[in-house]
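# Chain and residue survey
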Amino acid sequence: MNCLKNSRSILSRLLGHRPAVPQPPPGQAPPPRYYYASRVLRDKPVIRPPPPQTPGPRHYYTSPRRQEVIHFSRRRGGSRWYHDQRKLTAAVLVTGGGAVAVYFGNLETVPYTNRSHFIILSPKLERQLGESQFAELKKKFGPKILPPLHPDSIRVRLIASEIVRAVHRGLASRHRFDASYGEDASYGYGDISADVTIKNRDAEAGAVMLGASPRNSASAAAAAQRDDEVLDDRWVTECRKRGKARGAQPQTNHLDGLNWEVIVVKDDIVNAMCLPGGKIVVFTGLLDKFRAEAEVATVLGHEVGHAIARHSAEQITRNMWFAILQIVILQFIYMPDLVNTMSTLLLRLPFSRRMEIEADHIGLLLLAAAGYDPRVAPGVYEKLGKIGGDSALNNYLSTHPSSKKRAQLLLQANVMNEALELYREVTAGQGTEGFL
């Protein structure tokens, strides 16, 4: 036992023993000490840690099975294509370049107004659509279609034949028509102008004129100028000036080889239409309201003006572009009802009203070239407004301008002076070719 104690004391002294450091004698400096340290480059810039980054948007959803909010760093369904700058730029360039090429490759000029409009439908396809719609109307109103020898059918076909002859006379200087569109053209049931003669046509027209003297017409125009309503027919004059400056040639290829057909439907609807391809439909309700032939010719001239300007094909093209524009907008603002309403109010309706005004101008010239007094036209539109319950809101919320506005435009515009000059030439037996 004593041996273990002695060995433990000896080990503890050996482990705790430290060599004695010799002390320098008094008055002498201590020896230098050397230490190891890494070299520090003072010229090297101090690298500071980057600032903490703010976390990105966190998305979450709630699970019906797990009563907790589940977070995830990425949006469900992946990122949108337009978030990629390269993809967005490429899409814009390709789409824009293709749209510009298609646009300038399908520009056409409207007769008379020289307005340039974009139409993607070919004349052949447009004619097929008109013939298909005409066949559907004949099938729908089959029992109501009046026979060819009915007095109303004879009356309407005679007026339509005069309007169609005025069309090819107006375009004769810049377009050569074939036999199916010339004097021997077919008008559905045949041309009956050689069998029926209209007498006292000018007397009937004078009975429905806006006033019987130029003084009354001037007073009506002055009253229209005092109206607070804003008129927007100046674009017609501007388009004509620009068209003449650039030497625009109106496109009339869609009028080649038309087989003009006229049917009269026994119905109380106060309406008439001219489908693409020269298909004219008149309802007896219109004939009951307008007894004078000049009044009926005003409506038919307006409808044929739509066919001359290819408004049906233009409307289809515009609706196509409007639909594409809505799809693009909905990618950023997903409010379908709002986008559809705004596109209708700001794009569709204004273009439709402008086409109606354009058809009024063309129809007025056709009316005069056919031998009817053009001063009848404003009264016809005012009468149509009374029949249909016209309102000033139609200038903003309808496809057609208000009838009051249409009458004012025709009274004030230069087209009335041109139409009166044509009318005087026709009554004097002079030529009226090339007025469109």
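Residues numbered from 1 in each chain as written. Predicted model: local features only at pLDDT ≥ 70, side-chain atom pairs only at ≥ 80, totals over all residues. Heavy atoms only, no water.

### Regarding the packing of helix 11 (residues 336-369) against helix 14 (residues 403-412)
It is the contact of helix 11 with helix 14, at a shortest axis distance of 11 Å, that shows an interaxial angle of 45°. One way to sum up the angle between helix 11 and helix 14 is to call them oblique. Between helix 11 and helix 14 lies a crossing whose hand is right-handed. Contact residues: Glu 356, Ile 357, Asp 360, His 361 and Leu 364 in helix 11; Arg 406, Leu 409 and Leu 410 in helix 14. Of the residues in the contact of helix 11 with helix 14, the class split is four nonpolar, one polar and three charged. (Axes fitted to C-alpha atoms, helices over the stretch in contact; angles between N-to-C directions. Helix = DSSP H or I, 4+ residues; strand = E, 2+ residues; numbered from the N terminus. Parallel < 35°, antiparallel > 145°, perpendicular 65-115°, else oblique. Left-handed = near helix turned anticlockwise from the far one by under 90°. Contact = heavy atoms within 4.5 Å. Nonpolar A, V, L, I, M, F, W, Y, C, P; charged D, E, K, R; others polar.)

### What to know about the side chain of Ser 403
Within the secondary structure layout, Ser 403 lies in helix 14. Setting aside anything within four residues of it in sequence, one finds Ser 403 in contact with Tyr 381, Glu 382, Leu 384, Gly 385 and Asp 390.

### Some remarks on the packing of helix 11 against helix 15 (residues 414-427)
The relative placement of two packed helices comes down to the angle between their axes together with the axis-to-axis distance. Closest axis-to-axis distance for the helix 11/helix 15 pair is 7 Å, and the angle between their directions is 15°. By the criterion of interaxial angle, the relationship of helix 11 to helix 15 is roughly parallel. Classified by chirality, the crossing of helix 15 by helix 11 is right-handed. Side by side, helix 11 and helix 15 meet where His 361, Leu 364, Leu 365, Ala 368 and Ala 369 of the first sit next to Val 415, Met 416, Glu 418, Ala 419, Leu 422, Tyr 423 and Val 426 of the second. Of the residues assigned to the contact of helix 11 with helix 15, the class counts are 10 nonpolar, one polar and one charged.

### Thoughts on the layout of surface pockets
One number sums up the size of the largest pocket: a volume of about 850 Å³. Surrounding the largest pocket, 34 residues form its lining, Asn 271, His 302, Glu 303, Glu 356 and His 400 being those nearest its centre. Elements that contribute at least two residues to the lining of the largest pocket include exactly strand 6 (272-275), helix 9 (293-308), helix 10 (311-330), helix 11, helix 12 (376-388) and helix 14. Class assignment of the residues belonging to the lining of the largest pocket gives a composition of 13 nonpolar, 17 polar and four charged. (1 Å grid on protein atoms, 1.4 Å probe; cavity = no way out; pocket = protein on both sides within 12 Å on 5 of 7 lines; lining within 4 Å. Points joined across faces, edges and corners; volume = space filled by probe spheres on them.)

Any link to function would need more than the numbers given here.
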